[in-house]
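# A closer look at the structure
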Amino acid sequence: MHRSRTWLGDAALALAMLGVALLLFIGAADLPASKYEPMGPAGLPIIVAIALASLSAILLILALVRGRRTAPRVERKQRGHVKRHRMLGIAALTVGYIAVLDHELVGFPVATTAFLFGAGALMIDLTVRRVTVLVGVALVVGIGSSLILTRILTVTLPGS
Amino acid sequence: MEPLLTAFGAVVEPWSLFYIALGVVLGVVVGAIPGLGAGMLIVLLLPITFYMDSVHALILLVSIYVGSVSGGLISATLLRMPGTPSAIMTTLDGYPMAMKGQAARALSLGIVSSFIGGLVSWIFLAVLSPPLASFALKFGPYEFFSLVVMALVLIASVSEGSMLKGLIGAVFGFAIALVGPDVSSSVIRLNFGFTDLNAGFRLLPALIGMFVVSQLIEDIVGNEQPVRQARARMFDMVLKGRDYARHGWNYLRSSLIGTWIGILPGVGSAVAAIVSYSTARNLSKTPEEFGSGSEEGIVAAETANNASVNGALVPLIALGIPGSVVDAILIGALIIHDLQPGPGLFTEQPKVAYGIIAAALIANVIMFFVMFTSSGLIARLCTVPKAFLLPSIFMFCIIGVYTSTNRMFDIWLMLAFGVIGFAVRRAGVPIGTFVLGFILAPIAESQLRNGLMLYDQSLLPMLTRPISVTFLVVALLMVCWPLARKRVGRSRTAR
């Protein structure tokens, strides 16, 4: 039996939201009642948790009912213009960039220039011309913006 | 009238004009580039506006909004890619006209339509906002709470995807906004021991993450097909007067549709364009031309989407309720500048309220000239490779968040919200409902709790006070209407 991939996505969304509702319930349970007004700090979290759980339960039921019906397999979408391994590379590069700034391993201009070049390189097929342009853009945007922000606007940047 | 004239006097001074012009140009450029948008740019510029005077900040941001809705016309017509959702309907007829060698004509009609739509709706903005704000001063807490509920249900019902997912998005936004200090007692709630969350999820990292970073991820993984770009020369864009005049009724009808849809809380310019386009097609003598290069289609869509911008400003300024998702972000801007959104804005900060109204008109005029002179050039910007653009935008996201909070934790949060936002979009939940829920949650909670204290713990006044019950009935109708329509459709099919 073929199943639509949509029902899986809906079920996953519903379960995730049920998890959020559960967190709200757990968090609200620890909150004190208010002496001065009827609702207190726990009131709206509980209301929101009930609403979210109810809506998610409806979505989950609808998804499971849809999933039980026979449906034509959904054709895989054409690939986006960035292949999967490159997307993972961009994700790793992004996390690494923020981590480098967080731990102040190198300054903002250097980290940013490297990130701009690396992310850009992962998004396109490289030729000599494109690499040259990419290096130029990375330097101008990375170092240029850093200079403008720190020297002229006197803004504090991460990593400094 | 006098405060408005005073505001015009303030807005035509050099710095204000500079900010309006800058906002319009940035808005047109960003609106023209698919994948970006007014919301993104406004959120990115919010930290920079910290250093600006409040009036200048708001008129800059409103001008971006005006420019961006018009900018979507350029890429819709020349590249078959709507720069903004509001330009989707324009794509259907603008690009086919461009492929027939009439790109300049299509752009010209669209620009004039945008201008007229903006002018007509501005009259409603100037005339309706002050009395509506005065009327809203009579609202009690339950009226505001019901209005928020209605706004959330409205946007959930008109957003793409199912209403159920729209409501889930809104409630999820509510849930995220609850983290942090309680509005009344300041008890820290839902931080689960993370002291970095004692202040809650701050507005900017959440907004930038959900709105901007998630869109960047979508742009990276998205599917783009190469399209043939049409070209338009400025000199070819000036048409004869009768070419514009024969669409007179369409301009007026579409302006009114756009204005009133814009006024509805939570609805936006995309819906205005769709409704206006459909109406024009139903009333047209040549409906078969729609979708293959109909001038009426372009006029209807572009007039309505621009009219909805000023229409959406009416509930924003008068009630503090956003007329669209971008308006929700503008509420964030008001809050960041220590301005209380709501009917009190006219009495407590008339310079800001009337300044926004005056700037909206001037921005519309500047938009007209910018679009006429620069459409071809701006279209070339749409072809800047994403490899150069997207990482740079992410860099500005980091700068924006860090300058506002000075915490690396918030940058990690921004990234997390970006991933969550991307997952939520892919699951079919409209991001706009989340943003509205997140922004409106504090208002809803404080009004509900004030109401309970005022009416001795009773919720009954919410159902007996006429304005409050009207809002709730509209919300209920919006929820029940699709279900009823489906049921009627099924019983007709069964027969």
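Before reading on, note that the structure itself is shown above.
The model shown is predicted, which means the values in this text are computed figures rather than measured ones.

### Examining helix H8 (residues 203–221) of chain B
Residues spaced three or four apart along an α-helix face the same direction, because each turn holds 3.6 residues. Residues and elements named next belong to chain B. Taking 1.5 Å per residue, 19 residues should reach 27 Å; H8 reaches 26 Å between its end C-alpha atoms and fits that length. Along H8, the helix axis deviates most sharply at glycine 209, where the bend reaches about 35°. Counting buried residues along H8, 17 of its 19 residues qualify, which places the element largely inside the surrounding structure.

### What to know about the packing of helix H3 (residues 84–102) of chain A against helix H16 (residues 386–405) of chain B
Their axes nearest at 13 Å, the elements H3 of chain A and H16 of chain B cross at an angle of 35°. Remark: the crossing between H3 of chain A and H16 of chain B carries right-handed chirality. Every residue of H16 of chain B that contacts H3 of chain A at Thr94, Tyr97, Ile98 and Leu101 of chain A is listed here: Phe394, Met395 and Ile398 of chain B. Looking at the contact of H3 of chain A with H16 of chain B, its residues break down into six nonpolar, one polar and no charged.

### Digging into the interface of chain B and chain A
Tallying the contact residues gives 50 residues for chain B and 59 residues for chain A. The junction of chain B with chain A conceals about 4,600 Å² of combined surface from both sides, 83% of it contributed by carbon and sulfur atoms. The tally of links from chain B across to chain A stands at one salt bridge. A salt bridge links aspartate 10 of chain A to lysine 165 of chain B; its shortest N-O distance comes to 2.6 Å. Between the two partners, chain B and chain A, sit three residue pairs in polar contact (both at pLDDT 80 or more). Those elements giving two or more residues to the side of chain B that touches chain A turn out to be helix H7 (163–177), strand S2 (188–189), H8, H16, helix H17 (408–426) and helix H18 (431–454) of chain B. Looking at which element gives the most residues to the side of chain B that touches chain A, the answer is H16 of chain B, with 12 residues. Here the side of chain B that touches chain A is built from residues that sort into 33 nonpolar, nine polar and eight charged.

Cut-off values and rules
Residues numbered from 1 in each chain as written. Chains lettered and ligands numbered in written order. Predicted model: local features only at pLDDT ≥ 70, side-chain atom pairs only at ≥ 80, totals over all residues. Heavy atoms only, no water. Helix = DSSP H or I, 4+ residues; strand = E, 2+ residues; numbered from the N terminus. Expected span 1.5 Å × (residues − 1). Bend = angle between axes of the 7 residues up to and from the residue. Buried < 20%, exposed > 50% of the residue type's maximum accessible area, 1.4 Å probe, protein only. Axes fitted to C-alpha atoms, helices over the stretch in contact; angles between N-to-C directions. Left-handed = near helix turned anticlockwise from the far one by under 90°. Contact = heavy atoms within 4.5 Å. Nonpolar A, V, L, I, M, F, W, Y, C, P; charged D, E, K, R; others polar. Buried area = accessible area lost by both parts, 1.4 Å probe. Salt bridge = Lys/Arg side-chain N within 4 Å of Asp/Glu carboxyl O. Polar contact = N/O pair within 3.5 Å; in protein donor to acceptor, adjacent residues only side chain to side chain.

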